[in-house]
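Remarks on the overall topology
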Amino acid sequence: MTALRGQMMQMPLLISSLIQHAARHAADTEIVSKCAEGGLHRYDWAGAELRSRQMAQAFARLGCMPGDRIGTLAWNGYRHLEIYYASSGSGLVCHTINPRLHPEQIAWVANDAGDRVLCFDLTFLPLVEKIAPQLTSVEHFVLMTDRAHMPAATTLPHLLCYEELVGQENGRYRWPQFDENTASSICYTSGTTGHPKGAVYSHRSAMLHAYAAALPDAMGCSAREVMLPVVPMFHVNAWGMPYSAALVGAKLVLPGPDLDGKSLYELFESEQVTFSAGVPTVWLGLLNYISANGLRFSSFKRTVIGGSACPPAMLHTLRQDFGIEVIHAWGMTELSPMGTLSRLKAKHAVQSAAQQQRVLEKQGRAVFGLDMAIVDDQGRSLPWDGQTAGDLVVRGPWVIERYLGLPASPLVSVDGEGEWFPTGDVATIDPDGFMQITDRSKDVIKSGGEWISSIDLENIAMSHAGVQEAAAIACPHPKWDERPLLVAVPKPGAALSRESLLEHYRGKIASWQIPDDVVFVEALPHTATGKVHKLRLREQLKDHVLPTA
Ligand code: ADP
């Protein structure tokens, strides 16, 4: 039998089609940016597409060839958006670098990716001047500003001005067609241990991710939305929002360097933002600011919170006090980053607010395209009963197969079959498919052979009125191997005692899971992506002796 082939057009899934679509169908829909130079910049999708074409011409004029890497060190802003589309759209690869990495690591990732051009915001000029001698592949340095803001003197050789590069080109450029499996962008994991590792996305993976992200049970994006990604464009493509916004033709608001509560609140209000996404620490700052000043949001309706566990107390405040729908999401760099999102099913509609809250506290259900399983240490799959915890593994068209330049594949098999990506997270999955992360496998606290979830301990601490932020870590114990130690940052002005905090755990978890001790600190160490740096915290407290030891 000869198979009948489908007789449909062969059109590769290419990132350039997103901005072309937005320029045609949402031509006058605005893109508003806070600039690193100060002030607001406004234009629209038609303007963004024209300037992206001009920048694609400029990259070609600099001698860039398909596959060349364009490094960026930049905030969320319109020039960064143009570089996203100009580079990927013309067959170059956009390598977004996290400026919060250590300077040595920044140089390391730029060299590892082999960046030929480095584009950066004014904020990062001193950083780039400092690391330039270590950069082995960069031929062109582009300052993402206009002539008026170019420095009078710099140690960088041949520093180019972004606006001059764009201004020289006429924009008569056709987006090229090529294989959809071509690399589109690179993002490195934060590398809290060892070197960062590069995830290389393709046009195909980015496009399928953008479609899936826009689904109603995922982020649910639409042309009626005003989207403000607080999540940085320098890490995992701001969770794909620059792509999803173009796909649906939404207004996009880019907050630049000003991510404090006051600046964000003012921008949310002045641009009438309806939808946002960010890590919990960002919402902490914003909520502190609006609570302290007795303010309300007039347009903000929905937000995605992920990157680390959303504390239930924050979920509750946003929903109940501010009427904001919270979409708790889980993902990682290696997943482009979207994995699961917590959105209710029809059957949850009849439940009480408290029952719904418990569902929404979980990290949620897999988006179509992503398959997940939990496994034991022999790689055997475990039941979806909401109780059994195992190592979380995933697979799908926007999950990496390997890391850039590393020969060994990280993939594992489940029940002896197939290839799955081991996430390093420990989770349960309930019969409705809601996944809940209990820990990073390396952060699990093992007490007398039983596991204690550090996330549970942190969530309870953060539901105490006097706690600003908390982290639970394992502390060595002669009898139990490890026992939990809570490290807490008190809220300004709060009189918080060790006893009242430990008392707060009573009745909320089994008594043997309650931390053995509390240490108060002024601030917790954070990683480059805003998560609590547990490794550093464990180092800082390695000599701590528990009262029970
Ligand atoms: P890095 O910290 O190296 O930049 P990612 O930003 O990709 O890595 O972080 C991925 C990890 O963040 C996940 O494996 C998981 O441990 C954690 N994470 C992400 N979202 C959540 C969430 N909603 N709840 C708990 N943990 C989360």
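Look up: the structure comes first, before these words.
An account of the accompanying structure is given in this report.

Conventions used here
- Residues numbered from 1 in each chain as written.
- Predicted model: local features only at pLDDT ≥ 70, side-chain atom pairs only at ≥ 80, totals over all residues.
- Heavy atoms only, no water.
- Helix = DSSP H or I, 4+ residues; strand = E, 2+ residues; numbered from the N terminus.
- Rg over C-alpha atoms; globule rule 2.2 N^0.38 Å.
- Buried < 20%, exposed > 50% of the residue type's maximum accessible area, 1.4 Å probe, protein only.
- Contact = heavy atoms within 4.5 Å.
- Areas by Shrake-Rupley, 256 points an atom, 1.4 Å probe, with all protein chains shown as cover.
- Lys, Arg positive; Asp, Glu negative; His and termini not counted.
- Charge placed at Lys NZ, Arg CZ, Asp CG, Glu CD.
- Near = heavy atom within 4 Å.
- Polar contact = N/O pair within 3.5 Å; in protein donor to acceptor, adjacent residues only side chain to side chain.
- Nonpolar A, V, L, I, M, F, W, Y, C, P; charged D, E, K, R; others polar.
- Phe/Tyr/Trp six-rings, centres within 6.5 Å; stacked < 30°, edge-to-face > 60°.
- Expected span 1.5 Å × (residues − 1).
- 1 Å grid on protein atoms, 1.4 Å probe; cavity = no way out; pocket = protein on both sides within 12 Å on 5 of 7 lines; lining within 4 Å.
- Points joined across faces, edges and corners; volume = space filled by probe spheres on them.
- Domains from an automatic or database assignment.
- Pairing = 2+ DSSP bridges.
- Axes fitted to C-alpha atoms, helices over the stretch in contact; angles between N-to-C directions.
- Salt bridge = Lys/Arg side-chain N within 4 Å of Asp/Glu carboxyl O.

**Considerations on the overall build of the protein**
Each helix and strand counted, the protein has 16 helices and 26 strands in total. Compactness check: the protein gives a C-alpha radius of gyration of 24 Å against a globular reference of 24 Å for 549 residues, within 12% of the reference. Along the first, second and third principal axes, the C-alpha atoms of the protein reach 70 × 70 × 45 Å. Residues classed as buried in the protein amount to 57% of the 549 residues present. A separation of at least 24 residues holds for 66% of the contacts in the protein among residues at least 6 apart in sequence. For the protein, the computed accessible surface area is about 23,100 Å², with 52% contributed by carbon and sulfur atoms. Of note, the protein has its 47 positive side-chain charges centred 3 Å away from the centre of its 57 negative side-chain charges.

**Notes on the environment of Asp371**
Mapping Asp371 onto the fold places it in strand β17 (residues 371-375). Asp371 gets classed as partly exposed once you look at its relative accessible area, which sits at 34%. Sequence-wise, Asp371 and Leu252 are 119 residues apart; in three dimensions their C-alpha atoms are separated by 30 Å. What Asp371 contacts, discounting residues up to four positions off in sequence, is Val393, Val394, Arg395 and Trp420.

**As for the site of the ligand**
As a structural note, the neighbourhood of the ligand is formed by 17 residues, with Ser190, Ala329, Thr333, Asp425 and Arg440 the closest of them. In the model, a nitrogen atom of the ligand is placed 3.2 Å from a nitrogen or oxygen of the Ala309 main chain. At 2.7 Å, a backbone N or O of Ala329 approaches a nitrogen atom of the ligand. Alone, the ligand offers 570 Å² of accessible surface; in the complex the protein occludes 89% of this. Here the shell around the ligand is built from residues that sort into 4 nonpolar, 10 polar and 3 charged.

**Some thoughts on the packing of aromatic side chains**
Applying the stated rule across the entire model yields 15 aromatic pairs. Consider the rings of Tyr265 and Phe297, whose centres lie 5.7 Å apart with planes at 50°: the pair is tilted. Linking Tyr265 in helix α10 (residues 261-270) with Phe297 in the loop between α11 (280-292) and β13 (302-306), this pair joins segments that are 32 residues apart in sequence. For Tyr265, a relative accessible area of 11% gives the class buried. In this structure Phe297 comes out as buried when scored by relative accessible area, which is 15%. With centroids separated by 6.2 Å and ring planes inclined at 70°, the aromatic side chains of Phe297 and Phe322 adopt a geometry described as edge-to-face. Of this pair, Phe297 sits in the loop between α11 and β13 while Phe322 sits in the loop between α12 (312-321) and β14 (325-331); the two residues are 25 residues apart in sequence, bridging distant segments of the chain. Under the relative-accessibility criterion, Phe322 is labelled buried at 14%.

**Let's talk about the side chain of Asp443**
Tracing the sequence through the fold places Asp443 in the loop between β21 (435-440) and β22 (445-447). A relative accessible area of 10% places Asp443 in the buried class. Among all residues touching Asp443, those that are not within four sequence positions of it are Ser454, Lys534 and Arg538.

**Concerning helix α2 (residues 45-61)**
An α-helical turn contains 3.6 residues, so any two residues separated by three or four positions project in the same direction. With 17 residues, α2 extends 24 Å from end C-alpha to end C-alpha; this agrees with the ideal 24 Å at 1.5 Å per step. Among the 17 residues that make up α2, 13 are buried, leaving the element largely enclosed by the rest of the structure. Positive phi appears at Gly63, one or two residues downstream of α2, with a value of about 95°.

**Topic: the layout of surface pockets**
Estimates place the volume of the second largest pocket at around 990 Å³. Taken together, 36 residues form the lining of the second largest pocket, with Thr428, Gln436, Thr438, Ser453 and Asp456 sitting closest to its centre. For the lining of the second largest pocket, the secondary structure elements donating two or more residues are α13 (353-360), β21, β23 (450-452) and α14 (454-462). Broken down by element, the residue count for the lining of the second largest pocket peaks at 5 residues, all from α14. In the lining of the second largest pocket, the residues fall into 14 nonpolar, 12 polar and 10 charged. Two domains share the lining of the second largest pocket, each providing at least three of its residues, namely domain 2 (371-441) and domain 3 (445-540).

**Some points on empty space enclosed by the protein**
For the structure shown, the criterion picks out 4 cavities of 30 Å³ or more. For the largest cavity, the calculated volume is near 100 Å³. Cys35, Ala36, Gly77, Tyr78 and Asp121 are the residues nearest the centre of the largest cavity, which is lined by 13 residues in total. Among the elements that make up the lining of the largest cavity, the one with the highest residue count is helix α3 (residues 78-89) (3 residues).

**Thoughts on the sheet that holds strand β6 (residues 140-143)**
On the basis of which strands lie adjacent, the open sheet formed by 7 strands has the order β7-β6-β5-β3-β4-β8-β9 and mixed pairing. If you trace the sheet from one side to the other, it starts and ends with β7 (159-161) and β9 (198-202), each paired once. Neighbour-to-neighbour, the strand axes of the sheet open up by a mean angle of 25°, direction not taken into account. Pairing geometry for strand β8 (residues 183-188) and β9, over 5 bridges, is antiparallel. Paired with Ile186 across the two strands is Val200, which belongs to β9. Docked against the sheet, α3 engages β3 (69-73), β4 (93-96), β5 (115-120) and β8, running at close to 145° with respect to β4.

**Considering the pattern of salt bridges**
For the coordinates displayed, the defined rule picks out 32 salt bridges. Its salt-bridge partner being Glu458, residue Lys534 comes within 2.8 Å of it at the nearest N-O pair. Of this pair, Lys534 sits in helix α16 (residues 534-540) while Glu458 sits in helix α14; the two residues are 76 residues apart in sequence, bridging distant segments of the chain. For Lys534, a relative accessible area of 11% corresponds to the buried category. Through salt bridges with shared partners, a single ionic network connects Glu37, Arg51, Arg79, Glu82 and Glu163.

**Looking at the sheet that holds strand β11 (residues 251-254)**
As summarised here, the arrangement of the 9 strands in space is β2-β1-β11-β10-β12-β13-β14-β15-β16, forming an open sheet in which the pairing is mixed. Single-partner strands in this sheet number two, and they are β2 (40-44) and β16 (365-366). Across the face of the sheet, α10 comes into contact with β1 (30-34), β2, β10 (226-229), β11 and β12 (275-278) while running at roughly 165° to β10.

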